[in-house]
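Structure assessment
Here is what each chain is made of, one letter per residue.
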Amino acid sequence: MGLGLLASRALRSSRILRSPSNGGPTYFLRTIVSTPELNNADAAAAVQGNPPPPPDLPKRNPVGGARVHFPNPDDAIEVFVDGYPVKIPKGMTVLQACEIAGVDIPRFCYHNRLSIAGNCRMCLVEVEKSPKPVASCAMPALPGMKIKTDTPIAKKAREGVMEFLLMNHPLDCPICDQGGECDLQDQSMAFGSDRGRFTEMKRSVVDKNLGPLVKTVMTRCIQCTRCVRFASEVAGVEDLGMLGRGSGEEIGTYVEKLMTSELSGNVIDICPVGALTSKPFAFKARNWELKGTESIDVTDAVGSNIRIDSRGPEVMRVVPRLNEDINEEWISDKTRFFYDGLKRQRLNDPMIRGADGRFKAVSWRDALAIVAEVMHQIKPEEIVGVAGKLSDAESMMALKDLLNKMGSNNIFCEGNGMHPNADLRSGYIMNTSISGLEKADAFLLVGTQPRVEAAMVNARIHKTVKATHAKVGYVGPAADFNYDHQHLGTGPQTLVEIAEGRHPFSSALKNAKNPVIIVGAGVFDREDKDAVFAAVDTIAKNNNVVRPDWNGLNVLLLNAAQAAALDLGLVPESDKCIDSAKFVYLMGADDVNLDKLPDDAFVVYQGHHGDRGVYRANVILPASAFTEKEGTYENTEGCAQITLPAVPTVGDARDDWKIIRALSEVAGVRLPYDSLGAIRSRIRTVAPNLLEVDERQPATFSTSLRPEVSQKVSSTPFTPAVENFYMTDAITRASKIMAQCSALLKK
Amino acid sequence: MAHMMRNMRVPPNSASLAEAKHKTLEFFRMCCRSIPEIMEIYNLYDVVSPSQLRSAVAAEVRKNSNLTNPKVIDMLLFKGMEELKNCVDHSKQRHHLVGKYVVGNQGLVQDLGHKDQGSSNFLKNFYSGNYF
């Protein structure tokens, strides 16, 4: 809102004057007179003409370029907003009708993803034949309704509401973190009075402690209850509530309690004032100093769309970006607050471990020369490459090409296990798609705790369960869910029971119209993985989970690199390659188990953080983090997205694929690409779907093509795949905020 | 020669481009004549030869070969004369001359090419920085 809105309002009351002589360009003329009498006179004059008048108003587009979806074309009704007729589906509110007519109504409590509260009264508009202004967010639009948003009555109503809101709102904008992006600030500039009549003391409210992420200044709260509704409707925790009445009304947790949701950071975005702000970001920067870069989150496999706000070389904060298909407009706390890990434990120089076991900084020339020399002294089958969980597709392609040129085919991505099934793409992606989960009416979660593995997917399931009362069955270790579910069992034996129809839950699956099965990627590491997937396939077949019009068989991946790695065919030749390796190239791999690695093996660690992988490394090649490079990441539903560099690299670090390309030349096996464009055309020959950016590419073949397995499921129960939601990779482990969160919020 | 430069003052402006050109050549000759003295004063025998110094001066002069405005040329000649006087008067120290005329603009770290012989542009760029 703010100036843009003011300008658009000014334009709205103007009229297009088309020069009659030449029919040439259209001139906008800002008329000074926009009194309602005049508008009414115009409309009345237009109505008097016999044929239905072609609206003499300029063509208006919905706010934000939104498109109107008519579920049932017969139910379209017509309303008039400021005299401009709009067709809207039945059941929309007056506020939504105004938005479609291109009129942005000021609001505080209304949020289109939350239920309607109607308690801020800011969205008052005048409706003809209504005795007083109506709250447009709560009023359903009726056919033929004449809505007026720009009349003196509406303006006076807004001004009055504004005055009441500011009555108890402190005038501390200069020290408020919301300053510059505050709805109350903007709207009081646009709609408020130019003077106050208030001389008494303002009320003050005790601040609440909501944990290490959300800072509260409760005196600033205007009781819009967006946060309360968010907590119960989207996050699924009943932590926040409203206490007291009248001027004693306040938001709180009833008893002193931290907000224990993995989505709690989103209340910072939805709070229209500065009552809930980011604790780590407090007093760090003003929003107009920040440069926004539209990027992708890599801390889990969802690939949430984010905007990285940076000032100079420093990432100052991370905020969500709207993507209806993936994260809607929320992000998890890990995504929002891990960024301080980008400043700690960074590798900034190439280093070689000396005879005394200490690292010594060297030049790139020397480091690459040593790696190349060692690589050539080793038999090709003893060379192993491991891609880390944060690797982008380009660098994985380069690493695979380099190792193949050296004669080795032992390359894999951590988290995919040693026998990954890379043949059928439908066997490792989320075939239903994240937004498709909303159509489901029964879920079977196998060995996955979506709340910690992929918080945004969990939010979708929560939304579905809340909207349609879908049944959720869960097989796995005891876990925390924020929606109703049945815990069916802990081990794969339960799956066999469901497959054979002996389990009570199989009837729920059978009766479901759109059943969904989600298998966690933690299953990839199990010995009996093929048997588990065979059991899941049987359940799918028996319950009609995979049909031409519906594919409910999903795998929920854990890491940002996994899907692209499998698409690119990062599959090790032998599952014992680590045990016999003499040369290991870790590309950001910190969680791969190196216990069985022979002591004389030479380990190269290429990455951006001094994490677990560095302890065993002989040579360190510093690489850039995802905020510093352009890279393609494929999320768990098979949608490729690109990160963009927001800040410069640290020290002497280089982009991952450049390091590998340079190493290949020093080693005498030069890779044939010099630019990202060239490496992408190489990817085109392997996995063309990775080049279809921002568009989900569904799998072509279903998993029913999988060969029969004779393996039997073991009785070992499923184990949790993610021990600590807040610390899953090198960046989050280096983050102080994430450490505080794990200490305070992990139960 | 030194006595010629001892009493430096602003010479009258050149009337034409031809005159300015002539003055430039005179200045270059003066530089060439003072080079042996400079070699002696700053003990530059082990780092540079007189002919190298001459070509360094010539390169400095040629850098401005595109100028046609006599006033600008006069101004540059004055600055050059000042520099020459500073050198001859021992107003500078050895490293000033080594830095400016012996090592030159490439700086001390010179890529003589023996290491990256035959390597691609990509690798050369890679060694110098991440952004290319």
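Predicted model only: the values in this text are computed from it and were never measured.

**What to know about the interface of chain B and chain A**
Opposite the 13 residues of chain B that make contact, chain A presents 19 residues. For the pair chain B and chain A, the summed buried area comes to about 1,400 Å², and 57% of that belongs to carbon and sulfur atoms. Three residues, B:Phe122, B:Phe126 and B:Asn130, lead the burial of chain B against chain A; their summed loss comes to 48% of the area buried on that side. Our count for the chain B to chain A interface comes out at zero salt bridges. The residue inventory of the side of chain B that touches chain A, partitioned by class, reads six nonpolar, five polar and two charged.

**Topic: the pairing of strand β19 (residues 442-446) of chain A**
Residue and element names in this part refer to chain A. With five of five residues buried, β19 is to be regarded as a mostly interior element. Alternating positions in β19 separate into two faces, Ala442, Leu444 and Val446 on one and Phe443 and Leu445 on the other, with burial throughout. Inspection of the sheet shows β19 paired to strand β20 (residues 471-475) by five bridges, in the parallel sense. Note on β20: the bridge partner recorded for Leu444 is Gly473. Here β19 runs beside strand β22 (residues 515-520); their pairing, made up of five bridges, is parallel. Each residue of the ladder has a partner; that of Phe443, found in β22, is Val516.

**Observations regarding the packing of aromatic side chains**
Any pair of aromatic rings gets described here by the distance separating the centres and the angle formed by the planes. Evaluation of the coordinates by the stated rule reveals 12 aromatic pairs over all chains. Ring centres of A:Trp657 and B:Phe122 lie 5.8 Å apart, and the angle between their planes is 40°; on these two criteria the pair is classed as tilted. With one member in each of two chains, A:Trp657 in helix α18 (residues 656-666) and B:Phe122 in helix α6 (residues 121-128) form a pair that bridges those chains. Its relative accessible area of 5% is what places A:Trp657 among the buried residues. Between B:Phe122 and B:Phe132 the ring centres are 5.3 Å apart and the planes differ by 85°, which places this aromatic pair in the edge-to-face class. Placement of the pair is B:Phe122 in helix α6 and B:Phe132 in the segment after α6, with a sequence separation of 10 residues. Exposure remark for B:Phe132: the relative accessible area of 41% places this residue in the partly exposed category. Through a chain of ring-to-ring contacts, the aromatic side chains of A:Trp364, A:Trp657, B:Phe122, B:Phe126, B:Tyr127 and B:Phe132 assemble into a single cluster. Just above the ring of B:Phe126 sits the side chain of A:Arg654; from NZ or CZ to the centre is 5.2 Å. The lysine or arginine in question, A:Arg661, covers the ring of B:Phe122, its NZ or CZ lying 4.3 Å from the ring centre.

Rules used throughout
- Residues numbered from 1 in each chain as written.
- Chains lettered and ligands numbered in written order.
- Predicted model: local features only at pLDDT ≥ 70, side-chain atom pairs only at ≥ 80, totals over all residues.
- Heavy atoms only, no water.
- Contact = heavy atoms within 4.5 Å.
- Buried area = accessible area lost by both parts, 1.4 Å probe.
- Salt bridge = Lys/Arg side-chain N within 4 Å of Asp/Glu carboxyl O.
- Nonpolar A, V, L, I, M, F, W, Y, C, P; charged D, E, K, R; others polar.
- Buried < 20%, exposed > 50% of the residue type's maximum accessible area, 1.4 Å probe, protein only.
- Helix = DSSP H or I, 4+ residues; strand = E, 2+ residues; numbered from the N terminus.
- Pairing = 2+ DSSP bridges.
- Phe/Tyr/Trp six-rings, centres within 6.5 Å; stacked < 30°, edge-to-face > 60°.
- Lys NZ or Arg CZ within 6 Å of the ring centre and 35° of its normal.

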